[in-house]
Amino acid sequence: MEGTAVVWIVALETVLAGALHLFLPRIARHGLLFGVYIGEERVQSEVTSRIRRAWSRTVLAGTVVTVALQLLFLRRPPVAIACLGVYLTGLVGLYLWAYLSAKKLALPASPPPPAVAILEEDGSAGLLPHLTLVFAVVCSLLGLAYAAAAYPSLPAQIPTHFGFSGAPDAWNPKSPGTVLLLPILGVIQAFGLGLVCVLVSHAKRALRLGDGGASLRAQLAFRRAVTRFVCGVTWIVSVMFLLVTVFSIRTAQGTSAGIPIAVLALAGLMILVSLGSIVVLGLRYGQGGARLEGPTKAPLTDGLADNRYWVLGMFYVNPSDPSVMVERRFGIGYTVNLGNWKVVAGLAGFLLLTLGVTLLAVL
Amino acid sequence: MQALVIDPAAHEPVYGQIARQLREAIASGTLAPGRALPAVRTVAGDLGVNLNTVARAYRQLQDEGFLEITERAGARVAAPSEGSSRERLDPLRRDLRTALARLRQAGVPVPDLKKMLEAELAALGGRRRG
């Protein structure tokens, strides 16, 4: 029964991944094609239409075939997961093909595009991102404090994994590592996600030249929406981490049978909120506010328009740009500027900390 | 909506382009006295340039009397002086004389120089005081 449920979930994820990739090219900023800036004039040509059609047909066919295979092996979750893995790898390959096809249409690197700054402040980003950071950190510290306080009273064997029903299905000897790993990871993720909320609320504005401020208004609306989305996910994840920590401890103490269905439902809610929000963001705003701008002829400027600073259309590397968060060229939301040393240091620190804590706990 | 447009390929350095455009906007009245300018970080992020580049432009304009910069309020457009001392005007007149001398040396006749001067004053919006 559990295996069948896993296969259905994996199949649903495949369908959602396919649907998302089907509409991504339609919501990109006008002038961009699969991570390449080809200019606003060329974006509706026959060549670009051919690339988009090939993309859509391949994504659709791949999704249908993968889901069919997964349902064929309904009782074999490893096969379903392997199919999803192959499918996602195929999507990466398809993106590379589309990117290289679009690259042939790229605007020449010289002269570099102009840069535009609008002499208007954003207005306050509001308290939400900072409140979210504080809330996430407080939740995680509460979880850590609870686990640490309960440690002396825990039995020799404690549950370390829970099944879909919420009941424990794996136990390990009690140790600081096994008891505190999850809450410590919760603290790290709280700082990480909270910081992302703040950084997204101050993400770089990718403006157009001579459009009377239309791109600024679209950008700000999009950024506010993405900020609310990231903050919403952070609130849910923070509460989830806290509840899972508390109920893991209570299960070990014998005061709970496992993790309540309501907590598991919270995980489901988070997935639904995330996917639903991504769809709403895409359909309502378009990437970077593209749908609010419309099919404008005003050219993009600076980093987003400069193909030299984009690797495979996905990674922005511009050491001259002080920005931390910049708009994605393909996809929804923002990505980091890997040319900014603070970003690289922060990412490396986050990864090392997470790996280090996990290794210490395991050893 | 007032915008700064920077050409990375131009010979003029970026801070110079920023300062020039702000100076012209302030002198023409497009940016009114008291108007707050975005933070250095915001402008630097929009333009994709180093913070120091924008800070240098702001400082230059502060030295020239176009901006007032305070810790608390940030950068604001300064009100034009009510009257200027000879000490303040003399260097500016020298700059004007230099520019005129260079134009003359480039072969611009005096009548054309006068028309050029009138056109530039008109572009500044003919802002006059007292």
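Since we're looking at a predicted model, the values are computed, not measured.

Draft legend 1. Quick look at the interface of chain B and chain A. Taken together, the contact pairs 23 residues of chain B with 23 residues of chain A. Roughly 1900 Å² of surface becomes buried between chain B and chain A when both sides are summed, with 60% attributable to carbon and sulfur atoms. The interface formed by chain B and chain A contains one salt bridge. For the salt bridge of R205 of chain A with D46 of chain B, the shortest nitrogen-to-oxygen distance reads 2.7 Å. At the boundary of chain B and chain A, one finds six residue pairs in polar contact (both at pLDDT 80 or more). Every element with two or more residues in the side of chain B that touches chain A is listed here: β1 (3-6) and α2 (40-47) of chain B.

Draft legend 2. Expanded view of the domain arrangement of chain B. All names here are of chain B. We note that the domain assignment places domain 1 (14-77) and domain 2 (86-125) within chain B. Distance between the C-alpha centres of domain 1 and domain 2: 25 Å. Contact residues are listed per partner, giving five residues for domain 1 and four residues for domain 2. Taken together, domain 1 and domain 2 are joined by zero salt bridges. Where domain 1 touches domain 2, the interface holds zero residue pairs in polar contact (both at pLDDT 80 or more).

Draft legend 3. Summary view of the packing of aromatic side chains. Residues and elements named next belong to chain A. Under the definition given, this model contains nine aromatic pairs over all chains. Residues W55 and F330 carry aromatic rings whose centres are separated by 5.8 Å and whose planes lie at 85 degrees to one another, so their mutual orientation is edge-to-face. Of this pair, W55 sits in helix α2 (residues 46-72) while F330 is found in the loop between β8 (325-327) and β9 (334-336), placing the two residues 275 residues apart along the sequence. A relative accessible area of 0% means that W55 is categorised as buried.

Draft legend 4. Region of interest: a nonpolar patch on the surface. Residue and element names in this part refer to chain A. Where nonpolar side chains cluster on the molecular surface, the patch consists of V92, L96, V311, L312, F315, V317, L338, V344 and L347 and spans about 670 Å² of accessible area. At the level of elements, α3 (77-103) and α10 (341-362) are the ones that each hand at least two residues to the nonpolar patch. Here L347 is to be found in helix α10. A relative accessible area of 40% places L347 in the partly exposed class.

Definitions and limits used
Residues numbered from 1 in each chain as written. Chains lettered and ligands numbered in written order. Predicted model: local features only at pLDDT ≥ 70, side-chain atom pairs only at ≥ 80, totals over all residues. Heavy atoms only, no water. Contact = heavy atoms within 4.5 Å. Buried area = accessible area lost by both parts, 1.4 Å probe. Salt bridge = Lys/Arg side-chain N within 4 Å of Asp/Glu carboxyl O. Polar contact = N/O pair within 3.5 Å; in protein donor to acceptor, adjacent residues only side chain to side chain. Helix = DSSP H or I, 4+ residues; strand = E, 2+ residues; numbered from the N terminus. Domains from an automatic or database assignment. Phe/Tyr/Trp six-rings, centres within 6.5 Å; stacked < 30°, edge-to-face > 60°. Buried < 20%, exposed > 50% of the residue type's maximum accessible area, 1.4 Å probe, protein only. Patch = residues over 30% accessible without salt bridge, like charges linked within 9 Å, V, L, I, M, F, W, Y side chains within 5 Å. Areas by Shrake-Rupley, 256 points an atom, 1.4 Å probe, with all protein chains shown as cover.

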